[in-house]
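Each chain is listed here by its residues.
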Amino acid sequence: MFGKRLLLARKKAGLSMRELADQVSPRVTVQAISKYESGKMMPSSSVLVGLGKTLGVSLDFLMGGQVDALEGIEFRKHSGTSARDLAKAEAIVIEKLEDYLAIEDILDLAPPDDPFGDLVTRQVESFEKIDDMANRLRQHWALGIDPIPSMTGLLEDKGIKVIEADLPQRFDGLACDALCSGERPATTVVVVSSRTGVERKRFNLAHELAHRVIRATDNPEIRLEKAIDRFAGAFLVPAEHLVAEAGERRHGMTYHEMMRLKRLYGVSASAMLMRLGQAGILPKSYIEYAFRSYARPWRREEPEPIQDDEGFGAFERPKRFESLVWRALGEQLISSVRAAQLLHRPLSSIEREIRGPHG
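Residues numbered from 1 in each chain as written. Predicted model: local features only at pLDDT ≥ 70, side-chain atom pairs only at ≥ 80, totals over all residues. Heavy atoms only, no water.

Visitor: Would you mind going over the pairing of strand β2 (residues 161–165) with me for this structure?
Guide: Regular strands place their side chains on alternate faces of the sheet. A large share of β2 lies buried, amounting to four of its five residues. Bridge count between β2 and strand β4 (residues 187–193): five bridges; the pairing is parallel. Its bridge partner lying in β4, Ile-163 is registered against Val-191. (Buried < 20%, exposed > 50% of the residue type's maximum accessible area, 1.4 Å probe, protein only. Helix = DSSP H or I, 4+ residues; strand = E, 2+ residues; numbered from the N terminus. Pairing = 2+ DSSP bridges.)

Next up, the structure:
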């Protein structure tokens, strides 16, 4: 395990074995680095600390035993993403997931139940059937048809681990199944970039949720990613609710109405326009005209973006991990020093919140 983690951390840092050997303190040989990575030798404690400092990773990451591997990684990335960026993203996920699983172990939490039941499919007959799948999942989770206040909170409630991280700039996020050590079952993880806007973040979360439901289409006329995007749109914006808000069989729509709707559902203007077409509210010809004209810039820059501290933005933050750390601290299962490490906050800040304003 240590060898694999060291290799991943070195790739994340973009260093060759020679460069790492030259930079680490105390100094080691290239041959020693090679043996560490191949599992033929373990470093001394002082070298281990030096490797962590040089590579910018924690000792928990290098020596962690909670996560055996990440399986089925699905990156939401832009073109030109480098191998170093991929390794960095994977290392960030493993490091945060090690902390997450460790705190669950400390609290002795049972694994969550399967949130999907028999809704998982590998066959898609039509785009209309995809809308039905999204509606059935909403029914399965008793969500009704109203807008979802927090996609992050919803996924966390269903046992899916949501991590927000400072991913490399070309990444919007990723999803995977983490294979865990011992008898712990695999756990689903969705990671979103802290740089991503609220509208895109919510769609990315719905997109990754869709991948958990639709594993394949078995339909040459419907590509998987098209099916996933359709599911995400239908899940965030149910057609029944949208028709009630926007009306049936419209010939056109003002910019003011479009901005109101995107804020009502917490989706991008482009996604809103697409959904109005999919729900049969606006004709296909109007959607095509819009994307050729006034809506053309929307794919590059979001009009009137939702701010992080307003509306949906105030709710789209992972909270479960932090709440578990405070719970463990309150139960005196971890120290304030450990809590500060896990939450990446100053010890003084943690102790102030332990004591309260009059402590």
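Visitor: Please clarify how the nonpolar core should be interpreted in this entry.
Guide: Proteins that are soluble and globular tend to have nonpolar side chains buried together. Residues Tyr-36 and Leu-51 are the most contacted members of the largest nonpolar core, which totals 54 residues. It is helix α6 (residues 83–106) that provides the largest number of residues to this core, a total of ten residues. Discounting residues that sit within four places of it in the chain, Leu-51 has contacts with Phe-2, Leu-6, Leu-20, Val-24, Ile-33, Tyr-36, Pro-43 and Leu-62. Val-162, Phe-203, Met-258 and Phe-291 belong to the second largest nonpolar core, which has 53 residues in total. (Core = buried A, V, L, I, M, F, W, Y, C linked by side-chain atoms within 4.5 Å. Contact = heavy atoms within 4.5 Å.)

Visitor: Even after reading the chapter, I still don't get the pattern of salt bridges, so can you show me in this structure?
Guide: Any two side chains of opposite charge can pair if their charged atoms end up close together. One pass over the full model with this rule turns up 21 salt bridges. One salt bridge in this structure joins Asp-105 and Arg-184, with 2.3 Å as the shortest N-O distance. Residue Asp-105 is located in helix α6, and its partner Arg-184 is located in the loop between β3 (171–180) and β4; the two are separated by 79 residues in the primary sequence. Note on Asp-105: relative accessible area 42%, which makes it partly exposed. Here Arg-184 falls in the partly exposed class, since its relative accessible area comes to 21%. Glu-164 is paired through a salt bridge with Lys-201; the nearest N and O atoms lie 3.2 Å apart. In this pair, Glu-164 sits in strand β2 while Lys-201 sits in helix α9 (residues 198–213), placing the two residues 37 residues apart along the sequence. Residues joined by salt bridges that share partners form a network here, namely Glu-104, Asp-105, Lys-161, Arg-184 and Arg-320. (Salt bridge = Lys/Arg side-chain N within 4 Å of Asp/Glu carboxyl O.)

Visitor: Hey, could you run me through the pairing of β4 in this one?
Guide: Of all seven residues in β4, seven are buried, a share of seventy percent or more. Neither face of β4 is exposed, since Thr-187, Val-189, Val-191 and Ser-193 on one face and Thr-188, Val-190 and Val-192 on the opposite face are all buried. Of the pairings in the sheet, the one linking β3 to β4 comprises six bridges and is antiparallel in character. Paired with Ala-178 across the bridge in β4 is Thr-187. With antiparallel pairing between neighbouring strands as the criterion, β3 and β4 make up a hairpin whose turn holds six residues, including Gly-182 at a positive phi of roughly 65°.

Visitor: Please explain the packing of aromatic side chains as it appears in this structure.
Guide: Any pair of aromatic rings gets described here by the distance separating the centres and the angle formed by the planes. Applying the stated criterion across every chain yields a total of eight aromatic pairs. With a centroid separation of 6.5 Å and 70° between ring planes, the pair formed by Phe-2 and Tyr-36 is classed as edge-to-face. With Phe-2 in helix α1 (residues 2–13) and Tyr-36 in helix α3 (residues 30–38), this residue pair connects regions lying 34 residues apart in the sequence. An aromatic cluster is defined as three or more aromatic residues linked by ring pairs; in this entry it consists of Phe-116, Trp-141, Phe-231 and Phe-235. Taking the ring centre of Phe-61 as reference, the NZ or CZ of Arg-5 above it sits at 5.3 Å. (Phe/Tyr/Trp six-rings, centres within 6.5 Å; stacked < 30°, edge-to-face > 60°. Lys NZ or Arg CZ within 6 Å of the ring centre and 35° of its normal.)

Visitor: Looking at this model, I keep getting lost on the environment of Ser-181. Mind explaining?
Guide: Residue placement: Ser-181 occurs in the loop between β3 and β4. You can call Ser-181 partly exposed: its relative accessible area is 24%. The sequence separation of Ser-181 and Val-67 amounts to 114 residues, and the corresponding C-alpha distance is 6.1 Å. Non-local contacts of Ser-181, meaning those with residues more than four positions away in its chain, are made with Gly-65, Gln-66 and Asp-68.

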